[in-house]
Amino acid sequence: MARKVTNTRKWIFTCLAWGVALLIFFPILWTILTSFKTEGDAVATPPKFLFFDWTLANYREVQARSDYFSHFMNSVIIALGSTALGLLVAIPAAWAMAFQPGKQTKNVLMWMLSTKMMPAVGVLIPIYILFQRMGLLDSRTGVLIVLMLMNLPIIIWMLYTYFREIPGEILEASRMDGASLWNEIRYVLTPMAVPGIASTMLLNIILAWNEAFWTLNLTTSRAAPLTTFIASYSSPEGLFYAKLSAASTMAIAPILIMGWFSQKQLVRGLTFGAVK
Amino acid sequence: MATLHQRSLARLMVAPSVVLLFLWMIVPLGMTLWFSFQRYNLLMPGMEEFTGLGNYRYFLSDPGFWISLQNTLIMVGGILAITVIGGIAIAILIDQPIFGQGYVRILVIAPFFVMPTVSALVWKNMFMNPVNGLLGQVSRAFGAQPVDWLSQYPLFSIIVIVSWQWLPFATLIFLTSLQSLDSEQVEAAEMDGAGIWARFTNLTLPHMGRAITVVILIETIFLLSVFAEILVTTNGGPGYQTTTLTYLVYTQALLQFDVGGASAGGIIAVILANIVAFFLMRMIGKTLD
Amino acid sequence: MGAITLKNVRKTFGETEVIPGVDLTIEDGEFVVFVGPSGCGKSTLLRLIAGLEDVTSGQILIDGRDVTGEAPARRGLAMVFQSYALYPHMSVRRNIAFPLKMAGMPQAEQEKRVARAAEILNLGPYLDRRPGQLSGGQRQRVAIGRAIVREPSAFLFDEPLSNLDAALRVNMRVEISELHNNLKTTMVYVTHDQVEAMTMADKIVVLRAGRIEQVGSPLDLYHKPVNQFVAGFIGSPNMNFLGGATAARRGAHVIGIRPEDWVISRTEGRVKGKVTVAEHLGSDTYLHITLEDGNHIVARSPGEFPVTVGEELFLTGAEGRIYKFDEQGLAV
């Protein structure tokens, strides 16, 4: 598109857009800045923006006081574990539905999606009671399984839309070329499917990392991931702004970076392919 | 295109997912439905008995239920209005030819990746706190009385916090949709003498219609389950002022241990969500053909 | 060797019958073109031969061997797809070598064959590129390369030129014909473009609704179409059909006259008409004419034919070049 745009117009919109963007981003920026302040500077009047004594003390203290690292590891294990487990179950299913669709495939897909529409409170009580009986409350295994199941429909859907984009003629070509099913999977399908699987994985890690209904209800301390851990700052402890900021920054930084890499996939994953 | 052998293999590959999702949703949902007809309190074991619609009657006659239903509708409606209108405006703004478009996108999308507990706490303490919060400081700088947002306007505050999280989502989807608008179509409209406003209402909006519907439906599904933001900021209070249906079920179940009553509430929430889901599913179903 | 025989091959998808029963013999070394309008079953027929679809009933023999139930790769055939179906993540070299690798051929032999194919198809400079970096014509060559390294008993082409632009299509047409002359391997080629069929085929199979309408050499079909469908399909521009009194005078339901078989005159002729459009190609002039009885026809005049739109001309069908068809559309 080679449209003529006057320079003035471009500058005006640039300023406007950047203004809005910075406004939206500001709470995050403020949190990151505050995490490097002393508690005194954090609540200073007037607020100190850049000119304060930069310190890493908050990060050290958060770790020392509340064993931050173990909660961070819980988050990592739960997010990665539920994603890996989900992919393990979803890849064959999405695969089969994309390449061997039957009469029921569409119905099965829609049914899977409908389970995602069910509000969590609808099943909270039985799950809670069952977990209590089975000793799964406040266990990483328990949350991991729940998050895997919760995101399974999204994983299957995303993979399905990616797999469906692999042209059928390529698979036929490989069959003509004498590839056995195993070789077809190894040399043709897998390499072509990897980008789709990678983006699905990325989005799912983000969703699992930030999930805050089941993690809050099913974990308390031992298995608590960062969502639950940060929630504990809602008590007066939260008034230590600098420490709250340090804990928050560490909790959101990895996902923020991953999220920026997966913007496109986000749209596809969260709209179930309805908007591309 | 498939031989019989391939088809049965395909079934085998789909089976684990189907079984797992069945166990995950349908079985617990059935249990919730069963509990909702029982008098069942975890604090009084052994007292379980069938009460028919008793729990529903109890739940529906509880003033807290009607308030929470009202709160839920106001919250979801408010957030939808802010994110859809704001999202369209921001998406159009970013879609203009500007310098550093990629960076603007990155900044705008960021709040979506912040975990709910973090965003709720950051807003609660560092912005909305009347003493040390930034908003309070700003209003003091202008000589005004600082507002204690979460006690004076609790539901509004929750709406602001959650809108901040979902605005990026709406923006991103609208932006994706805008970018798929055929530029030749726009140029044709320009040739036909359509002004900016006419192009917006006759071309852009209809083109985005699908995206707007999808955003509304998907956000509704997620917003009906907003939980962490309420838990860490207001705990549903003051009084019932920020108690939503989801939060009410949670307090009923895990704070008062009334399994029967909470289950009835859960079923009501499921019915509400399904009304929305019905429309969403029909839209998505069309993309499959 | 690559003689292919179809014996009463039927194919149904659920309730719909796509191929109601086809008998066909393709001789070794022949270039056979399946042609017909879209949806006529020509691609399905090719895919049945390839083994990508199971036949519902009937037999497929290759060199006398029944391959009806055999996997595609076992049939010794190679196929070039409409979308080329190259593996996007492999280099050109690996694409071409893939069938050899699957057959477990030693590395050295693989390289030798790839090099030979690259030489035949002028792909030498591109061997280490990915398909995404190639032009349409180059991709087409890679797809052909992947087919020839296997030294198959027959090549199957599924509308291979339909994604190329007009100029490239003419070039590739010639290249494929040359390839056939060099390799002398059986080729089965599917297209909806009758020009491709006429220029390349030893034998054309005209299909309609899954049935074979006529089998013959291009000129057989051109001169002796068995029915109105084949007559209308073969030849460009299409044959003109006239019904009513004009046809009845010759004792037919419909008569057909090819554009090139009109005798055009300014002074006298059997029918009179007005020129609506004149297309001057230099080598030929195509005249679109509305006859007095309201019929529209196209007439070809070799070389330049100076004419203005609206001018009236007289036309006569050349004797002995008029095709007659009965009520069923069969040639009489």
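Cut-offs applied
- Residues numbered from 1 in each chain as written.
- Chains lettered and ligands numbered in written order.
- Predicted model: local features only at pLDDT ≥ 70, side-chain atom pairs only at ≥ 80, totals over all residues.
- Heavy atoms only, no water.
- Helix = DSSP H or I, 4+ residues; strand = E, 2+ residues; numbered from the N terminus.
- Buried < 20%, exposed > 50% of the residue type's maximum accessible area, 1.4 Å probe, protein only.
- Areas by Shrake-Rupley, 256 points an atom, 1.4 Å probe, with all protein chains shown as cover.
- Lys, Arg positive; Asp, Glu negative; His and termini not counted.
- Charge placed at Lys NZ, Arg CZ, Asp CG, Glu CD.
- Rg over C-alpha atoms; globule rule 2.2 N^0.38 Å.
- Contact = heavy atoms within 4.5 Å.
- Phe/Tyr/Trp six-rings, centres within 6.5 Å; stacked < 30°, edge-to-face > 60°.
- Lys NZ or Arg CZ within 6 Å of the ring centre and 35° of its normal.
- Axes fitted to C-alpha atoms, helices over the stretch in contact; angles between N-to-C directions.
- Parallel < 35°, antiparallel > 145°, perpendicular 65-115°, else oblique.
- Left-handed = near helix turned anticlockwise from the far one by under 90°.
- Nonpolar A, V, L, I, M, F, W, Y, C, P; charged D, E, K, R; others polar.
- Expected span 1.5 Å × (residues − 1).
- Patch = residues over 30% accessible without salt bridge, like charges linked within 9 Å, V, L, I, M, F, W, Y side chains within 5 Å.
- Salt bridge = Lys/Arg side-chain N within 4 Å of Asp/Glu carboxyl O.
- Buried area = accessible area lost by both parts, 1.4 Å probe.
- Polar contact = N/O pair within 3.5 Å; in protein donor to acceptor, adjacent residues only side chain to side chain.
- UniProt positions renumbered as here; feature names shortened; annotations may be inferred.
- Pairing = 2+ DSSP bridges.
- pLDDT = per-residue confidence, 0-100.

A tally of regular secondary structure across chain A gives 13 helices and 0 strands. Along chain A, helices and strands appear, N-terminal first, in the series α-α-α-α-α-α-α-α-α-α-α-α-α. Along the first, second and third principal axes, the C-alpha set of chain A runs to 75 × 70 × 35 Å. Residues classed as buried in chain A amount to 59% of the 276 residues present. For chain A, the accessible area works out to roughly 11100 Å², and carbon and sulfur atoms hold 68% of it. Each charge sign in chain A was given a centre, from 21 positive and 13 negative side chains, and these centres are 9 Å apart.

Along chain B, the regular secondary structure elements total 13 helices and 2 strands. Taking 2.2 N^0.38 as the reference for a compact globule, 289 residues should give roughly 19 Å; the C-alpha atoms of chain B span a radius of gyration of 24 Å, well beyond that estimate. Once the C-alpha set of chain B is aligned to its principal axes, its extents read approximately 80 × 75 × 30 Å. Scored against the burial criterion, the 289 residues of chain B give a buried share of 55%. Considering only contacts within chain B whose residues lie at least 6 apart along the sequence, 69% involve residues at least 24 apart. Here chain B has roughly 12500 Å² of accessible surface; of this, 68% comes from carbon and sulfur atoms. Between the centroid of the 11 positive side chains of chain B and the centroid of its 14 negative side chains there is a distance of 7 Å.

Our focus in this paragraph is the packing of aromatic side chains. Taken as a whole and judged by the stated rule, the model has 40 aromatic pairs over all chains. Relative to Phe169(B), the ring of Trp166(B) has its centre 5.3 Å away and its plane inclined at 85°; by these criteria the two rings are edge-to-face. Remark: Phe169(B) and Trp166(B) occur in helix H8 (residues 154-179); sequence separation between them is 3 residues, near one turn of the helix. When the ring of Phe278(B) is compared with that of Phe279(B), the centres are 5.4 Å apart and the planes differ by 75°; the resulting orientation is edge-to-face. Counting every residue linked through ring pairs, the aromatic cluster contains Phe213(A), Trp214(A), Trp24(B), Phe227(B), Tyr247(B) and Tyr250(B). Seen from the ring of Phe99(B), Lys10(A) lies directly overhead, with NZ or CZ sitting 4.2 Å from the centre. One residue, Lys37(A), lies across the ring of Trp30(A), its end atom 3.8 Å from the ring centre.

The subject of this paragraph is the packing of helix H3 (residues 107-121) of chain C against helix H4 (residues 136-148) of chain C. Residue and element names in this part refer to chain C. Contact pair H3 / H4: the axes reach a minimum separation of 9 Å and the direction vectors enclose 140°. Of the possible angle classes, the one that applies to H3 and H4 is oblique. With respect to the hand of their crossing, H3 and H4 are arranged in right-handed fashion. For the pair H3 and H4, the contacting residues are Ala117, Ile120 and Leu121 in the first and Arg141, Ile144, Gly145 and Ile148 in the second. Class assignment of the residues belonging to the contact of H3 with H4 gives a composition of 5 nonpolar, 1 polar and 1 charged.

All right, on to helix H5 (residues 105-117) of chain A then. An α-helical turn contains 3.6 residues, so any two residues separated by three or four positions project in the same direction. Its 13 residues give H5(A) an end-to-end C-alpha distance of 19 Å, which sits within 8% of 18 Å, the value for a rise of 1.5 Å per residue. Within the sequence span of H5(A), burial applies to Thr105(A), Leu109(A), Met110(A), Met112(A), Leu113(A), Thr115(A), Lys116(A) and Met117(A).

Taken together, the side chains of Arg186(A), Arg94(C), Lys101(C) and Arg130(C) make up a positively charged region of the molecular surface. Mapped onto the elements, Arg130(C) comes out in the loop between H3 and H4. For Arg130(C), a relative accessible area of 42% corresponds to the partly exposed category.

Across the contact, 25 residues belong to chain C and 15 residues belong to chain A. Across the chain C to chain A interface the summed buried area is about 1700 Å²; carbon plus sulfur atoms make up 63%. Considering only the side of chain C, the residues that lose the most area to chain A are Tyr87(C), His89(C) and Met102(C), jointly responsible for 28% of the buried surface there. Our count for the chain C to chain A interface comes out at 2 salt bridges. Its salt-bridge partner being Arg47(C), residue Glu172(A) comes within 2.6 Å of it at the nearest N-O pair. Put simply, chain C and chain A have 6 residue pairs in polar contact (both at pLDDT 80 or more) between them. Put simply, the parts of the chain that give the side of chain C that touches chain A at least two residues each are helix H1 (42-50), strand S6 (77-80) and helix H2 (92-102) of chain C. Considering every element that reaches the side of chain C that touches chain A, the biggest residue donor is H2(C), with 4 residues. In terms of residue class, the side of chain C that touches chain A is built from 17 nonpolar, 4 polar and 4 charged.

Residues and elements named next belong to chain A. The residues that UniProt annotates with the feature "transmembrane region" (unreviewed entry) are residues 12-33, 76-96, 108-131, 143-163, 184-209 and 240-261. The span residues 76-96 is 100% helix and 0% strand, and its two end C-alpha atoms sit 30 Å from each other. Along residues 143-163 one finds 100% helix and 0% strand; the C-alpha atoms at either end are 29 Å apart.

All names here are of chain B. The UniProt record annotates "transmembrane region" (unreviewed entry) at residues 12-37, 73-94, 106-123, 155-175, 211-233 and 253-280. Summarising residues 73-94: 100% helix, 0% strand, and an end-to-end C-alpha distance of 31 Å. Between the first and last C-alpha atoms of residues 106-123 the distance is 21 Å; the span itself is 67% helix and 0% strand.

What follows covers the interface of chain B and chain A. At the junction of the two partners, chain B supplies 98 residues and chain A supplies 108 residues. Between chain B and chain A, a total of about 9300 Å² is buried, with carbon and sulfur atoms accounting for 78% of that surface. Counting across the chain B and chain A interface gives 0 salt bridges. One can count 11 residue pairs in polar contact (both at pLDDT 80 or more) joining chain B with chain A. For the side of chain B that touches chain A, the leading source of residues is helix H1 (residues 4-35) of chain B, giving 19 residues. Its residues placed into classes, the side of chain B that touches chain A shows 71 nonpolar, 21 polar and 6 charged.

What follows covers the sheet that holds strand S17 (residues 312-317) of chain C. Residue and element names in this part refer to chain C. The strand order across the open sheet formed by 5 strands is S13-S17-S14-S15-S16, and the pairing between neighbours is antiparallel. Each having just a single partner strand, strand S13 (262-265) and strand S16 (296-302) make up the two edges of the open sheet. The average angle at which neighbouring strand axes cross in this sheet is 45°, direction not considered. Pairing of strand S15 (residues 284-291) with S16 involves 7 bridges; the strand directions are antiparallel. Each residue of the ladder has a partner; that of threonine 290, found in S16, is histidine 296.

The next point concerns the UniProt feature "domain: ABC transmembrane type-1" (unreviewed entry) in chain B. In the numbering used here, UniProt assigns the feature "domain: ABC transmembrane type-1" (unreviewed entry) to residues 69-280 of chain B. Split by type, residues 69-280 of chain B is 76% helix and 0% strand. Its first and last C-alpha atoms lie 21 Å apart.

A few words on the confidence of the model for chain A. Summary statistics for chain A give a mean pLDDT of 84 and a share of 95% for residues scoring 70 or more. Mean pLDDT across the secondary structure elements of chain A bottoms out at helix H13 (residues 263-270) of chain A, with 74, and peaks at helix H4 (residues 68-99) of chain A, with 90.

Take the sheet that holds strand S18 (residues 322-325) of chain C next. All names here are of chain C. Spatially, S11-S12-S18 is the arrangement adopted by the 3 strands of the open sheet, whose pairing is antiparallel. Lying at the two open borders of the sheet, with one neighbouring strand each, are strand S11 (240-242) and S18. Strand-to-strand twist of the sheet, defined as the mean angle between neighbouring strand axes without regard to direction, takes the value 25°. Taken together, the 3 bridges between S11 and strand S12 (residues 254-257) define a ladder with antiparallel strand orientation. Each bridged residue has a counterpart across the sheet, and for phenylalanine 241 the counterpart in S12 is glycine 256.

Attention now moves to the environment of Asp220(C). Here Asp220(C) is to be found in helix H7 (residues 218-223). Between the alpha carbons of Asp220(C) and Asp261(C) there is a distance of 17 Å; along the sequence they are 41 residues apart.

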